[in-house]
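# Tertiary structure, described
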Amino acid sequence: MVVIAGQGPGFLQHDWLIRRRFHYKNETLVGLGIFTIITVLQSCQHHVTRLKKTFIRLDNASMPSLNRPFKKVTNSAKITLLACFMLPFAAKTQQQETTYNLLLAGGGLATCSSMASKNCVETPSFFINSKTSLRFKLGQQQIKAATNPVIWAAHRQTLAGHWRQLLTAIASPLGQQQLSKHELVDLIKASRIEYQGNTINGYDLYRQSSDAEWYRIQDHLEVGQFQQNGQRLTENVALEHNKNLHSRHIYQQFIAMAKQVSTAQSPSILVVTASARDPFEAVDFYRNAFISAGAKSVQWLPLDAALQHARRANQGADCQQLPQLHATIQGVHNRAAVYPDLVELQQQHCHKPELTLAMIEQADGIFINGGDQSLTVQAFRHSDGSDSAELTLIKQKLAAGNLVVGGTSAGTAVQSGNPTDSLAMITNGSSINAVRYGAFASLATAENCDKDGSCGELPDNALSYKQDGGLGLFHWGITDTHFAERGRHTRLAILAKQTGSRLGFGVDEATALLANTKVPEQAMQVIGQGGVHVLDIHQATLAQSDAGISFSNARWHGFFANDQFQVAADGSVQFVDKDQETVNEAKKPTQPVSVTLADDSGVFYNATLRQQGQWLAQQVVTGDIKSPSQQQTASEFTLSLTADQQTYVVCQPESQQPQCSWLNMALSVSPAPH
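Residues numbered from 1 in each chain as written. Predicted model: local features only at pLDDT ≥ 70, side-chain atom pairs only at ≥ 80, totals over all residues. Heavy atoms only, no water.

### Overview of the overall build of the chain
Each helix and strand in the chain was counted, giving 23 helices and 27 strands. Expressed as a percentage of the 674 residues in the chain, the buried residues total 52%. (Helix = DSSP H or I, 4+ residues; strand = E, 2+ residues; numbered from the N terminus. Buried < 20%, exposed > 50% of the residue type's maximum accessible area, 1.4 Å probe, protein only.)

This is how it looks when you write it as C-alpha cells:
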C-alpha cells in the first residue's frame, strides 16, 4: 500500500498532484487517478462509518427493517459506495492496460549459478552436488576423433597433425585424470614438444587456431558428468544469492509478464537455446534460472537450426543425421556423450513436430537465449524466408494476447523484423569496422575467421546484416545489444541508415526494454542497470570514401531505468514521463554544447560514449559549460556529440552522480584529417 501523509486537509495541492505520474513496484500511478482514488476513499470512509452506525442502532430489528439503512443513504452516497467496491476491479483493469508482451534484454545477465559462483553473494550449499565446470579427458579415442582429417580443411591438415601430436604427449602422464576448461587451456599453452625435428609450441598452436577449430577439439575432449545413480549432473541457479539485483529482477519481470497472460496459478515457460553454438549446454542454466525466479513449470523447447533442417530434408528422414547436421550447421560435436537425455529428447521432437507445437500452444512465455541470432533465425524460419509452423503459432498467440516473448543478447537481436521483410537484423560486426567499411548484406563471419581463411570476401568482424530481418516480433526498428558497454552506437546508426530503417534500439547489459506489440502506441519502458539508446537517422546524412564512412546528425535518445517513451506512427520519439519530474520541466541548452572524441578514447569499443552523454546532459541542466578534461589524437576517426536546440534533458538530482535522460543529441563521425 502507498501511504501519502500530510498535515491537515490542505496537504494535497490538487493541480500539482493531478499532472504528475509516480512509479511504485514497476507500476505507473497517474496523479489524476491517485487524486480520484484518495477522494473516493475519503468519501468511502465517511459513508461506511455512517452506515455502520446506522446498523448498530438497529436493536433486534425484524428482517424487513434491514432495508431501512439503505433508505437513508443518498443517491450520491450509493454511487460512492459502489465505487468503493469497484476500486479493486478498476485497479485490475488499469494493470491489464499497461501490460507488455515483449522483453528485450541486452545480455550480460550476471547470474549466480554453480558454474559462475563469482556472481553469487555467497555460494549456496546445494551447489556441491551440481555441475561446476565443463570436464575434459585426453583419451586416445577422443584425441583421434578431435584431429580426424575428415573434419579439418585440406589446407589445415598440418595444424591438425600438430594438435594430434601435442595432445598425445600431454595425455601420457594424465592417465584417466579429468581437467576443467581452465586447466586444459593452461596445460596446452604451457606445453612444448619436439616432433620430427620441429618444435610444437602449445601457446602458438592455440593462438593459430580459429574459434571453430578450437571448439572442434574442445567438444571431442569433453566428457559427460553423471551421478552414481546415472542421472546427469546439472548446472543449478540461485537468484536469491545474486550479486546483481538488476539481472535477477529481469528474470522475475519476465515471469510476472507471463503470469498476466496465464490462466493457471503459475505460468508455463519455455526456454529456447537455439542461439547457442552448443544448444544443449545452456539448457540446465535457463531452465533453473526461471525456476529460481519463481516459475514452477519450465521446459526446454528442443528446436534449433539443425533440427529444422533435418525436418525439411526428406520429410524428417534425416533425423538420424542430427549429429552430422549439428557439426555442419552449428559447429558442435559429440553431444550424445555429454547430454544423452537432451539429445534423445530432441530426436523425439525431430520425428514428431506436433510435440513441439503442443509445447508452444501450452506456453505462457517463451525466452530465447544469447549466442548467434543467425542460428536462431534458421531454427524458426525456412530457407526461403517463410515462417516455420512454430514461428507462425508464436505470432498467432502474441496477437491473441496469450503469450509473452523475451530474449537476451542474440535473443533480443533476433526479434527485429516486420511483415514486409524490410527491417534488417544485425548479425555481426564492430563499430570501428562499420566506419571503416560500412555494412554488408551477408552472413556473419566466424570469430577469428582470418586464422583459417574462412572469412570469404568480408573483413574479420565486419558489420553484416540480414536484410529480411529476424523473427519479426519487434517492428519499431533494428535491435542491438551489449550496447553502450561495447560502443555500438556507430554500427547501429550506420546499419539503420544504409538499410532504410529510421530507428535503431540498443539495449545495455543487465537492462531490458519492455514493449507491447498488441498496442503499438503504448509507451515502452526501461528496466535494469543501464539504458536503452534509440538512434534516429531521419535527419542523418552518410557518405563513404576510401578513408571510410562519414555521417552526421544522427539523433540519439538516451533512456534509463524506469523511463517510459513512446514511438509515434511517423517514427518520432518522445518522453512519456519521468518518475522524478515531468517532461514540461526538461531542460534545453542555452547554446550548443559539444564534445569531440577520438577513436583512441575507446568510443568505438567501450562505454565511453554513454559516459560522455551523461556528462553533456549534466552540462545542459546545470548551465555550467565546461570543456572535456581530456583530448585525444585520432588515428582513424573522430566522433562528435552535440546538445543543441533540438535537445531535451531530464536529470534525477538526488544521487551523488545524477542520472540523466535525453532526447535528440546529435551524433556525427568522420575520418580523422591527416
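Further notes follow.
### Here's the deal with the packing of aromatic side chains
Applying the stated criterion across every chain, the model contains 17 aromatic pairs. On the numbers, 5.6 Å between centres and 55° between planes, the contact of phenylalanine 560 with tryptophan 662 is tilted. Of this pair, phenylalanine 560 sits in strand E21 (residues 548-560) while tryptophan 662 sits in strand E27 (residues 659-671), and the two are 102 residues apart along the sequence. Of the two residues, phenylalanine 560 and tryptophan 662, neither departs from the other in class, the shared state being buried. By the ring-pair criterion, three or more aromatic residues cluster together here, those being Tyr251, Phe254, Phe285, Tyr286, Phe290 and Phe367. (Phe/Tyr/Trp six-rings, centres within 6.5 Å; stacked < 30°, edge-to-face > 60°.)

### Regarding unusual backbone geometry
The residue histidine 482 is not glycine, and still its phi comes out positive at about 45°. Mapped onto the secondary structure, histidine 482 falls in the loop between strand E15 (478-480) and helix H22 (489-499). At asparagine 553, a residue that is not glycine, the phi angle is positive and equals roughly 65°. Within the secondary structure, asparagine 553 is located in strand E21.

### Some points on the side chain of histidine 241
Turning to its location among the elements, histidine 241 is positioned in the loop between helix H9 (211-221) and helix H10 (245-261). Judged by its relative accessible area of 18%, histidine 241 is buried. Once residues within four sequence positions are removed from consideration, histidine 241 is found in contact with Cys112, Asn119, Cys120, Val121, Glu122 and Pro124. (Contact = heavy atoms within 4.5 Å.)

### Digging into the pattern of salt bridges
Pairing of side chains with opposite charge becomes possible as their charged atoms draw close. Under the criterion given, the structure shown has 20 salt bridges. In this structure, aspartate 278 and arginine 335 form a salt bridge, with 2.8 Å as the shortest nitrogen-oxygen distance. Of this pair, aspartate 278 sits in the loop between strand E8 (268-272) and helix H11 (283-292) while arginine 335 sits in helix H14 (residues 335-338), placing them 57 residues apart in sequence. The burial state of aspartate 278 is the same as that of arginine 335; both residues are buried. Connected via shared salt-bridge partners are Asp219, Glu222, Arg277, Asp278 and Arg335. (Salt bridge = Lys/Arg side-chain N within 4 Å of Asp/Glu carboxyl O.)

### Re the confidence of the model for the chain
When pLDDT is averaged across the chain, the result is 86; 82% of the residues are at 70 or more. For residues 1-74, every residue scores under 50 in pLDDT, and the model assigns this stretch 81 contacts once sequence neighbours within four places are set aside. Here residues 79-97 is modelled with pLDDT under 50, and outside its nearest four sequence neighbours on either side it reaches 17 contacts, counting other chains as well. (pLDDT = per-residue confidence, 0-100.)

### Thoughts on the nonpolar core
Ranked by size, the top nonpolar core spans 58 residues in total, and within it Leu103, Leu138, Trp163 and Phe290 carry the most contacts. With sequence-adjacent residues up to four places away left out, leucine 138 is seen in contact with Ile143, Leu167, Ile170, Ala171, Leu174, Leu179, Leu184 and Leu221. By size, the runner-up hydrophobic cluster in this structure holds 51 residues, among which are Leu102, Ala515, Val534 and Val573. (Core = buried A, V, L, I, M, F, W, Y, C linked by side-chain atoms within 4.5 Å.)

### Quick look at the sheet that holds strand E14 (residues 463-466)
A sheet is described by the order of its strands in space; here three strands give the open sequence E12-E14-E13, paired in mixed fashion. Unpaired on one side and paired on the other, strand E12 (425-428) and strand E13 (439-441) mark the two borders of the sheet. Within this sheet the neighbouring strands show an average axis-to-axis angle of 40°, counted without direction. Most of the contacts of helix H17 (residues 373-380) go to E12, to which it runs at about 125°, and overall it touches E12 and E14. Against the sheet, H22 contacts E12, E13 and E14, and its axis sits at roughly 45° relative to E14. (Pairing = 2+ DSSP bridges. Axes fitted to C-alpha atoms, helices over the stretch in contact; angles between N-to-C directions.)

### Some details on the sheet that holds E8
The strand order across the open sheet built from nine strands is E9-E8-E10-E11-E3-E17-E18-E22-E23, with neighbouring strands paired in mixed fashion. The open sheet is flanked by strand E9 (297-300) and strand E23 (573-577), the only strands paired with a single partner. Strand-to-strand twist across the sheet, computed as the mean angle between neighbouring axes with direction ignored, equals 25°. Pairing analysis gives four bridges linking strand E10 (residues 365-368) to strand E11 (residues 404-408), with the strands arranged parallel.

### A few points about the state of the cysteines
Under the defined criterion, the tally for this structure stands at four disulfides. Covalent S-S linkage joins cysteine 319 and cysteine 350, the inter-sulfur distance amounting to 2.0 Å. On the sign convention where negative means left-handed, the S-S torsion of about -90° between cysteine 319 and cysteine 350 marks this disulfide as left-handed. Of the two residues, cysteine 319 sits in the loop between helix H12 (305-312) and helix H13 (322-330) while cysteine 350 sits in helix H15 (residues 340-351), which places them 31 residues apart along the sequence. Judged by relative accessible area, which is 0%, cysteine 319 ranks as buried. Among the residues examined, cysteine 350 registers a relative accessible area of 2% and is labelled buried. Sulfur-sulfur distance for the disulfide between cysteine 651 and cysteine 660 comes to 1.9 Å. On the S-S bond that ties cysteine 651 to cysteine 660, the torsion sits near 100°, and the link is right-handed. (Disulfide = S-S within 2.5 Å.)

### Quick look at the environment of threonine 511
By the element assignment, threonine 511 lies in strand E17 (residues 511-515). Sequence separation between threonine 511 and histidine 246 is 265 residues; the distance between their C-alpha atoms is 7.3 Å. Aside from chain neighbours lying at most four places away, what touches threonine 511 is Leu104, Ala105, Gly106, Ile250, Val526, Ile527, Gly528, Gln529, Gly530, Gly531 and Val532.

### Some points on the pairing of strand E3 (residues 102-105)
Side chains Leu102 and Leu104 of E3 all project onto a buried face; the interleaved residues Leu103 and Ala105 project onto the opposite face, where all are buried too. Two elements, E3 and E11, share four bridges in a ladder whose sense is parallel. By the bridge assignment for E11, leucine 104 is matched with glycine 407. When E3 meets E17, the two strands line up antiparallel, connected through four bridges. Counterpart to leucine 102 in the pairing with E17 is alanine 515.

### A few points about the side chain of glutamine 346
Position of glutamine 346 among the secondary structure elements: in helix H15. A residue is classified by how much of its surface remains accessible, and glutamine 346, at 1% relative accessible area, is buried. When near neighbours in sequence (up to four residues on either side) are disregarded, glutamine 346 contacts Phe280, Trp300, Pro302, Asp304, Leu307, Leu322 and His326.

### Thoughts on the environment of isoleucine 193
Within the fold, isoleucine 193 resides in strand E6 (residues 192-195). Classification of isoleucine 193 as buried rests on a relative accessible area of 17%. As a C-alpha pair, isoleucine 193 and alanine 169 span 24 residues in sequence and 7.7 Å in three-dimensional space. Once residues within four sequence positions are removed from consideration, isoleucine 193 is found in contact with Gln165, Leu166, Ala169, Asn198, Thr199 and Ile200.

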